[in-house]
Amino acid sequence: MSALELTDVVVDYERRGGGRVRAVAGASIDVERGQIVGLVGESGCGKSTLARAAVGLVRPTSGSIAFEGREIVPLGRRARPRDLARLQLVFQNPYASLNPRRRVGAQIADALDTLDLVPAAARPARVRELCELVGLPATAAGRFPHEFSGGQRQRIAIARTLAADPSVIVLDEPLASLDASAQAQLANLLVNLSRELGLGLLLISHDLAIVRHVADVVSVMYLGRMVETGSTETLWKQPLHPYTESLINAIPHPDGSGFLPEALPGEVPDPGQPPSGCRFHPRCPYAFARCSVEDPTLVTLTGGRAAACWLQPEGASAASPAERARLVARAEVQ
Amino acid sequence: MSLLEVDGLRVRLPAADRLLTVVDGVDYRVEQGEVFGVAGESGSGKTMSMLALLGVLPDGAVVEGRVNFDGRDLLGLAAAPRRELAGRDLAMVFQDPMTSLHPMLTVGRQLTEHVRLHLGFDRRAAERRALELLEQVRIPDGREALDAYPHQFSGGMRQRIAIAIALACRPKLLIADEPTTALDVTVQAGILRLLDRLRHESDLAVILITHDLGVMSAIADRISIFYAGRVVESGPREGVLRRPRHPYTRALLDALPHPELRGGQPLVAIPGAPPNPGSIPPGCAFHPRCAFAQPDCRVHVPDLVPTNGRALACPVDPFAT
């Protein structure tokens, strides 16, 4: 059993003036302890909604979310069961997620107080230890958030979640809006924390290069669905879903070569009116007749991979979308 | 003569009790049809040096140096002629199109305002120009788009509209400040291709400000690397990004994740953080974070010296070839 298990999660939002938007349309993802799971996709694909559902900030319409074998119940008036404190969330913007008027140490100590994890007398020492763990000076505790850079604030936010002694942390775009060097420092920190503390991390990001570097496995999300999952290395070497391939081709190369990245035509459609058949078909360079009619499901392929694409039949060995498209074209001619 | 010649540009901004130097003696040239890339971490003075060109710095700012744009001394101009020049021949696109576009005005209104004001077009001519512009930046259904509001478009489309507005008066120079930072990579690629096409089609010069060296590598012809208000290295794209000479350029590139680095290898982060304008270290501003610093680096501010087709502000030059 995985530490965090999301199974067929569906999240609907009510639209003002009636109507519903299905932000997440049946997505599954598992996070093991000590594992870094990357979740990538364009903005509007539902990845942040899924993150919020994972920690119980949004109520799923259907599907199940279990943390350490226990169902996640959305936040309500009652106090959450204390075991759920071991599932934590880090937000994208550390300028907004930290209280500007409270000292860093007090904010980090909140979880220690609430959960009564260490005796009151030992709390200042524990706060210093947590600061050190995330690479902040021990003197950070007495200062205010505005005295820190963006990267350091994100470390404070991480220290605050670590105070609750978590086993899984969900991070929603934790590296966005940071400079390359701060990003590298924080990425290294996340990898170290995961390895040393056996933490499971669900890392949501639109920055594929950094996800490629830190994640053990990756799920690619498009318009509320997982379209491909697999180990990071193989997924990048040989993307099986045309959308994954498009995402990878759009990444610029900082090598001075003048490589002009490939644009993916069109936009993520309105989740309120998803396209018929495969949700990606209007933007897919390989789409054929079946794609606009039937909706593909995520099927298992060889090598522990999975894709939701009519070009990739269940149990097939890995072959690029272009190769598969040639086979399909040949079959149609015959 | 180059389209834009900047020599010894210094910008000082008022702080609580003194003036803080945010741009400290920057020189560069931009040619017609060229994409000139300005890279550096946040707070390195990239944006301030551009705002100084447009004359839109905060009140009390002090600008020194010489800026020659299209044969005219930009800093010596009076406010009115400068405004005219800045609106017509010099245009700027900002990072976040949601804040740079007016939310309550139609796209058509924002697209025609410039040409009516600066070029004296009547309404019909301005509208024709607006449609032309929308086509140029590949916005489908131009007629409908003219009557729509910014919120009705996606982030990528909004940035295309912001670029169309900037291009309205056929500027000679477009300053694009982190134009793709707020966008998805798939959309970013489209904007980069658009900028690349524009400079080829209309001989537009582009100053591309970005902290993303991948973006830089896609379309910039020449690059200047900024650190703490100064240029530490500049030269042709390929040379600077393939064989960086300054330890800072090298460190910036090493901090990026790249495919060869795998199997749990940590990224090579630069220790520490860039200095604040109020507390720039003496000597070479990078020395406290530099793995190659010598005692002299703590004392003397290195000059940007031409060397082998590029310019370098590092006397240690540990990566000399």
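Residues numbered from 1 in each chain as written. Chains lettered and ligands numbered in written order. Predicted model: local features only at pLDDT ≥ 70, side-chain atom pairs only at ≥ 80, totals over all residues.

For the rest of this paragraph, the subject is the overall build of chain A. The number of helices and strands found in chain A is 10 helices and 12 strands. On C-alpha atoms alone, chain A measures out to a radius of gyration of 21 Å, which is about the 20 Å that the 2.2 N^0.38 rule sets for 334 residues. With respect to the three principal axes, the spread of C-alpha positions in chain A is 80 × 50 × 40 Å. Taken over 334 residues, chain A has a buried fraction of 50%. For chain A, restricting intrachain contacts to residue pairs at least 6 apart in sequence, the fraction spanning at least 24 positions comes to 62%. (Helix = DSSP H or I, 4+ residues; strand = E, 2+ residues; numbered from the N terminus. Rg over C-alpha atoms; globule rule 2.2 N^0.38 Å. Buried ≥ 20, exposed ≤ 12 C-beta atoms within 10 Å, placed from the backbone. Contact = placed C-beta atoms within 7 Å.)

Turning our attention to the interface of chain B and chain A. Listed as interface residues are 36 residues of chain B and, on the opposing side, 36 residues of chain A. Mapped onto the side of chain B that touches chain A, the elements with two or more residues apiece are helix 8 (185-202), helix 9 (213-219), helix 10 (237-242) and helix 11 (247-254) of chain B. Sort the elements by how many residues they give to the side of chain B that touches chain A and helix 8 of chain B lands first, with 7 residues. Here the residues of the side of chain B that touches chain A are counted per class, giving 20 nonpolar, 8 polar and 8 charged. (Nonpolar A, V, L, I, M, F, W, Y, C, P; charged D, E, K, R; others polar.)

Of all hydrophobic cores here, the largest spans 201 residues; its most connected members are Val-37, Ala-54, Ala-159, Val-168, Leu-202 and Leu-203 of chain A together with Ile-207 of chain B. Per-element accounting of this core gives the leading share, 8 residues, to helix 7 (residues 155-167) of chain B. Contacts of Val-37 of chain A, omitting those with residues within four sequence positions, involve Ile-29, Val-31, Leu-201, Leu-202, Leu-203, Ala-215, Val-217 and Ser-219 of chain A. (Core = buried A, V, L, I, M, F, W, Y, C linked by C-beta atoms within 7 Å.)

This part takes up the sheet that holds strand 12 (residues 306-307) of chain A. Residues and elements named next belong to chain A. Read from one edge to the other, the open sheet built from 8 strands follows the order 6-7-8-3-9-10-12-11, with strand pairing classed as mixed. Every interior strand has two partners, whereas the edge strands, strand 6 (87-90) and strand 11 (299-300), have only one. Pairing analysis gives 4 bridges linking strand 6 to strand 7 (residues 168-172), with the strands arranged parallel. For Leu-89, the partnering residue across the bridge sits in strand 7 and is Val-170. (Pairing = 2+ DSSP bridges.)

A few words now on the sheet that holds strand 10 (residues 230-236) of chain B. Residues and elements named next belong to chain B. Spatial ordering of the open sheet is given by 6-7-8-3-9-10-12-11, a layout of 8 strands whose pairing is mixed. If you trace the sheet from one side to the other, it starts and ends with strand 6 (90-93) and strand 11 (305-307), each paired once. Within this sheet the neighbouring strands show an average axis-to-axis angle of 20°, counted without direction. Relative to strand 12 (residues 310-312), strand 11 is paired through 3 bridges, and the arrangement is antiparallel. Considered in strand 12, the bridge of Val-305 is made with Leu-312. Set on the sheet, helix 1 (residues 46-54) makes contact with strand 3 (35-39), strand 6, strand 7 (173-177), strand 8 (205-210) and strand 9 (222-227); between it and strand 8 the angle comes to about 145°. (Axes fitted to C-alpha atoms, helices over the stretch in contact; angles between N-to-C directions.)

Let's shift gears to the environment of His-146 of chain A. Residue and element names in this part refer to chain A. Here His-146 lies in the loop between helix 4 (123-133) and helix 5 (150-162). Among the residues examined, His-146 registers 10 C-beta atoms within 10 Å and is labelled exposed. Separated by 96 residues in sequence, His-146 and Leu-50 have C-alpha atoms that sit 30 Å apart.

Below, the discussion takes up the confidence of the model for chain B. Low-pLDDT stretches of the model should not have their predicted coordinates read in fine detail. Residues and elements named next belong to chain B. For chain B, mean pLDDT is 91; residues scoring 70 or higher make up 98% of the total. Taken element by element, chain B is modelled with least confidence in helix 3 (residues 97-100), mean pLDDT 82, and with most confidence in strand 10, mean pLDDT 97. Two summary scores accompany this predicted model of the complex, namely pTM at 0.91 and ipTM at 0.87. (pLDDT = per-residue confidence, 0-100.)

Take helix 3 (residues 104-115) of chain A next. Those residues of helix 3 of chain A that fall on the buried side of the exposure criterion are Val-104, Gly-105, Gln-107, Ile-108, Ala-109, Ala-111 and Leu-112 of chain A. Downstream of helix 3 of chain A by a residue or two, Asp-116 of chain A has a phi angle that is positive, lying close to 55°.

Another aspect to go through is helix 5 (residues 123-136) of chain B. Residues and elements named next belong to chain B. The end-to-end C-alpha separation of helix 5 is 20 Å, in line with the 20 Å expected for 14 residues at 1.5 Å each. Within the span of helix 5, buried status applies to Ala-126, Arg-129, Ala-130, Leu-133 and Leu-134. All buried residues of helix 5 lie within an arc of 140° about the axis, which places them on one face of the element. In helix 5, those exposed residues whose orientation departs by more than 90 degrees from the buried face are Arg-124 and Glu-135. The secondary structure elements touched by the buried residues of helix 5 are helix 4 (107-119), helix 6 (142-146) and helix 7. (Expected span 1.5 Å × (residues − 1). Arc of directions from axis to C-beta.)

For the rest of this paragraph, the subject is the packing of helix 5 of chain A against helix 6 (residues 180-197) of chain A. All names here are of chain A. Interhelical geometry of helix 5 versus helix 6 gives an angle of 20° and a closest axis separation of 9 Å. Taken together, the axes of helix 5 and helix 6 lie roughly parallel to each other. Considering how the two elements wind past one another, helix 5 and helix 6 form a crossing that is right-handed. Each of Gly-150, Gly-151, Gln-154 and Arg-155 in helix 5 lies in contact with helix 6, whose residues at this interface are Ala-182, Gln-185, Leu-186 and Leu-189. By residue class, the composition of the contact of helix 5 with helix 6 is 3 nonpolar, 4 polar and 1 charged. (Parallel < 35°, antiparallel > 145°, perpendicular 65-115°, else oblique. Left-handed = near helix turned anticlockwise from the far one by under 90°.)

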